[in-house]
Amino acid sequence: MLMPTTAQNRMNQTEETLNVKDFLYMCLAKWYWFLLSMVLTLSIAMFYILMTQPTYTRSSQVMIKSDSKGASIGSAMSDFSNMGMLSTATSVDNELIAIQSPSVMSEVVKRLQLDMNYSVDGTFHKKTVYGKTQPVNVRLMEVEDNAVVNLVLDINEDGTVSLYDFVWYVDGDKQKQDDAVVGKMLEPIETPVGKIVVTPTLNYIPGVSNTIYVNRKGYHAATQSYSSRLMIALSSKKADVLDLSFTDVSPQRAVDVLNNVVEVYNEKWVDDKNKVTVSTSKFIEERLDSIVKELGGVDDNISSYKSRQLLPDVASVSNLYMAQSTKAAEEILALNNQLQMSRYILGYVKDESNNDKLLPANSGLSSMAIESQISEYNDMQLRRASMLSGGNVKNPIIDDLDNSLASTRKAIISSVENQIVTLQTQIDNMKRHEAQATDRIAANPKQEKYLISVGREQKVKEALYLFLLQKREENELSKAFTAYNTRIITPPTGSIYPTAPVKSKIWLVAFVLGLAIPAGVIFLRENLITTVRGRRDLEALSLPLIGEIPMVAGKRPMWKFWAKGKGDTKQLVVVQDGNRDVINEAFRVMRTNVEFLKKSDSKNVFVVTSFNPGSGKSFLAMNLAKALALKGCSVIVVDGDLRHASTSAYVNAPRRGISDYLAKRVDDFESVIVKSPEHDNLSVLPVGSIPPNPSELLEDARLGECIEKLRAKYDYVFVDCPPIDIVADTQIIEAYADRTMFVVRAGVLEKSMLPELEDIYNGNRFKNMSLILNATTDGGGGRYGYRYGYRYGYRYGSHYYAYGGKNK
């Protein structure tokens, strides 16, 4: 029968709610598991805390000095102009990696001798001694850097030491020697691992004996171990501050490691800077030598060129040549003027028409002789003209004057012609001088260009020479005054309380595990079970449930929990008059349901069967029968399982029974009915002889006659039948019965069989089927399990019983 959707949803919601509740009740039912688990986990936690050496954390803050962060373009250009020699810009990320480098920690390990570990016996664990608690130092003189050596050192009262329990490794093979070696402090002691020197520290107290365990792990292993415990991170993305922390069993060693890490880093940083400075000095010196040689070559080049070109000074020579050229041009102009005037006078004099005329005076001729002749000539012309004005043409004086004028004119012509030749010669010379000056002026730009080029090279080399001299001095100053790259903001500090083991967390984890382990086991145990566990597994079935018989105590051992079978063979009747325990109450509830079924249709013959052997059919039939008998009803239980005769065992298995009646060895079946010793109203019809052919006997008509007579005589008739689908006996007997009680035993019936059971019910293979759930436990979700079992148990008693078996 299908359930409406809303009802189904409500059932699912209820089931989900019950799942949580059921799991809590399961855990509550196994309270002793949780108690044992809590005791175990808390004991382990206590043992761990006591046996673990506490570790401490020390932290410090270091600022990385950096000029690059927030620098302007101008400062960057300044660094460029300084060739980067004085720039101290530092990348914090790079320095973070550098400070964590193995080389830094390796140097720290060597300085602090961290490859050696010393410990003494403590109450629960060995305690590491270091610093103020370390009385001696041990030096292994002849071992390799990465050799592993363990030994025990006893300091005797007389100041001697005993070394024994040597353990070392040769090519990976473990070597051991227990013999003791005795020696004195500060003296080499011959041992299996080479010479050892034991040196007392300032904390050594003479006359006090002590046992120290010495362990050497090697530089490489020590470096890895200590590096793994050093944590360095940026304090902030915008800051140049590093947070350093180190964890160790010795607080003083943690402080020393942090201090030495910063110290070694600073030294390496300064060494790197000094390496740069030394390289820079070498470079500058080489460049200075090269530039000095180059400058000498340039000076010689300029000097030789000026000597060849007669150029003491390009500007002065240029001015001189310009002056010479200008002067030559002026003189040529003046000479040309003289030449033109001389030619004019020569032509004037040679012209006969001008014989009676005066010659030009003050003509600008440079020859004073010619000027004097012209002046004399003009004077004679004036006298002649004066004489002619008197009308005396035939005057001999005039003739003398004419002769004198003619000779003077010839003299002037000769003088002028000589003057013209002289002027032409001077003009030619001046033109040659002018041409030379012009050539010199034309050649001057090339010479100047060459000298400028060479001079520029000379100035560049001079400037570079001076610059390198300055940088050499600055480099020497930088080398002399190089400061550390870091500044300690917070020195190594930390709490006096250990950071590990964290007792509160360990106790909390132990407490949680103490609860989680049994809860997990219960959860897995319940989810791995494939058999029916309780009523919740049967909720999907349409069969009416008329009873649920719990198994509150006396369960099988865990190793039997997974097994399927009958269990113990001893049969028990647990229903007792006046007993109010859980199982009695369960049978009373089932008795009430059975009475209700009978009242509805007066059908009183019940077949009790199941899928599995050992489901408790006989146990249920007998105890339900007795519960009805206690109420005054006449009840008989017929043992219909002719193969096993389980019910017959309740009345000591008589030799005669229903099989003898069906085999016609007994005429009246009533003669083999046995009164149960449990109650006068309860009778049992045993099997009697175990027949070889049970099915054939049951098919006899006498079985129907027997059941009909029992139906009429007894208020209730219960027939204990074998499991269905294994033999045909149950189907044969069921034909004469009115109702079928199908027993499902928790922990035995597989859940995969429930659909088949539903099909049997829906197919009406058996009349008026009803369901009995047997042997529910506190983990199965049954009514009398973890939820109701506590109520009944604490109210009515603590001794419970379940299905047919020893379970008590």
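Use the structure listed above.
Rules of the game
Residues numbered from 1 in each chain as written. Predicted model: local features only at pLDDT ≥ 70, side-chain atom pairs only at ≥ 80, totals over all residues. Heavy atoms only, no water. Salt bridge = Lys/Arg side-chain N within 4 Å of Asp/Glu carboxyl O. Helix = DSSP H or I, 4+ residues; strand = E, 2+ residues; numbered from the N terminus. Buried < 20%, exposed > 50% of the residue type's maximum accessible area, 1.4 Å probe, protein only. Patch = residues over 30% accessible without salt bridge, like charges linked within 9 Å, V, L, I, M, F, W, Y side chains within 5 Å. Areas by Shrake-Rupley, 256 points an atom, 1.4 Å probe, with all protein chains shown as cover. Lys, Arg positive; Asp, Glu negative; His and termini not counted. Charge placed at Lys NZ, Arg CZ, Asp CG, Glu CD. Phe/Tyr/Trp six-rings, centres within 6.5 Å; stacked < 30°, edge-to-face > 60°. Lys NZ or Arg CZ within 6 Å of the ring centre and 35° of its normal. Axes fitted to C-alpha atoms, helices over the stretch in contact; angles between N-to-C directions. Parallel < 35°, antiparallel > 145°, perpendicular 65-115°, else oblique. Contact = heavy atoms within 4.5 Å. Nonpolar A, V, L, I, M, F, W, Y, C, P; charged D, E, K, R; others polar.

A. View of the pattern of salt bridges. The tally for this structure, following the rule as stated, stands at 22 salt bridges. Ionic pairing is found between R111 and E263, a salt bridge with its closest N-O pair at 3.6 Å. Highlighted residues: R111 in helix α5 (residues 102–112) and E263 in helix α7 (residues 251–309), separated in sequence by 152 residues. Looking at R111, the relative accessible area reads 34%, which means it is partly exposed. The exposure class of E263 is partly exposed, given its relative accessible area of 36%. Here R643 and D729 are joined by a salt bridge, their closest N and O atoms 2.2 Å apart. Taken together, the residues R643 in the loop between β17 (635–639) and α15 (658–662) and D729 in helix α18 (residues 729–734) connect sequence positions 86 residues apart. A residue is classified by how much of its surface remains accessible, and R643, at 32% relative accessible area, is partly exposed. What makes D729 buried here is its relative accessible area of 0%. Overlapping salt bridges bring together E107, R111, E263 and E267 as one network.

B. Main features of a nonpolar patch on the surface. Taken together, the side chains of M46, F47, L50, M51, F124 and W507 make up a nonpolar region of the molecular surface, amounting to roughly 570 Å² of accessible area. Here the nonpolar patch gets 4 residues from one element, more than from any other, and that element is helix α2 (residues 31–51). Looking at the element boundaries, W507 is found in helix α11 (residues 503–528). Judged by relative accessible area, W507 falls into the partly exposed class, the value being 31%.

C. Structural context of a negative patch on the surface. Together, E144, D145, D171 and D173 line one region of the surface with negative charge. Examined against the element boundaries, E144 turns out to sit in the loop between β4 (136–140) and β5 (149–155). In this structure E144 comes out as exposed when scored by relative accessible area, which is 63%.

D. Structural detail: the packing of aromatic side chains. If you walk through the whole model with that rule in mind, you get 10 aromatic pairs. Ring geometry for F611 versus F742: centroids 4.8 Å apart, planes at 70 degrees, classification edge-to-face. One end of the pair, F611, is in the loop between β16 (605–610) and α14 (617–630); the other, F742, is in strand β21 (residues 739–745), with 131 residues separating them in the sequence. Across the pair, F742 and F611 agree in class, each one buried. Considering the side-chain rings of Y716 and F718, the 6.2 Å spacing of their centres and the 10 degrees angle between planes classify their relative orientation as stacked. By the burial criterion, Y716 is buried, and F718 matches it. The ring centre of Y219 lies 5.7 Å from the NZ or CZ of K110, which sits over that ring. When the ring centre of Y226 is taken as origin, the NZ or CZ atom of R229, which lies over that ring, is 4.5 Å away.

E. Region of interest: the packing of helix α13 (residues 582–601) against α14. The interhelical angle for the contact between α13 and α14, taken along N-to-C directions, is 75 degrees, at an axis separation of 9 Å. Between α13 and α14, the angle is such that the two are roughly perpendicular. Together, I583, F587, M590, R591, V594 and E595 of α13 and F619, L620, N623, L624, A627 and L628 of α14 make up the contact between the two elements. Across the contact of α13 with α14, the residue classes tally to 9 nonpolar, 1 polar and 2 charged.

Structural measurements only, silent on function.
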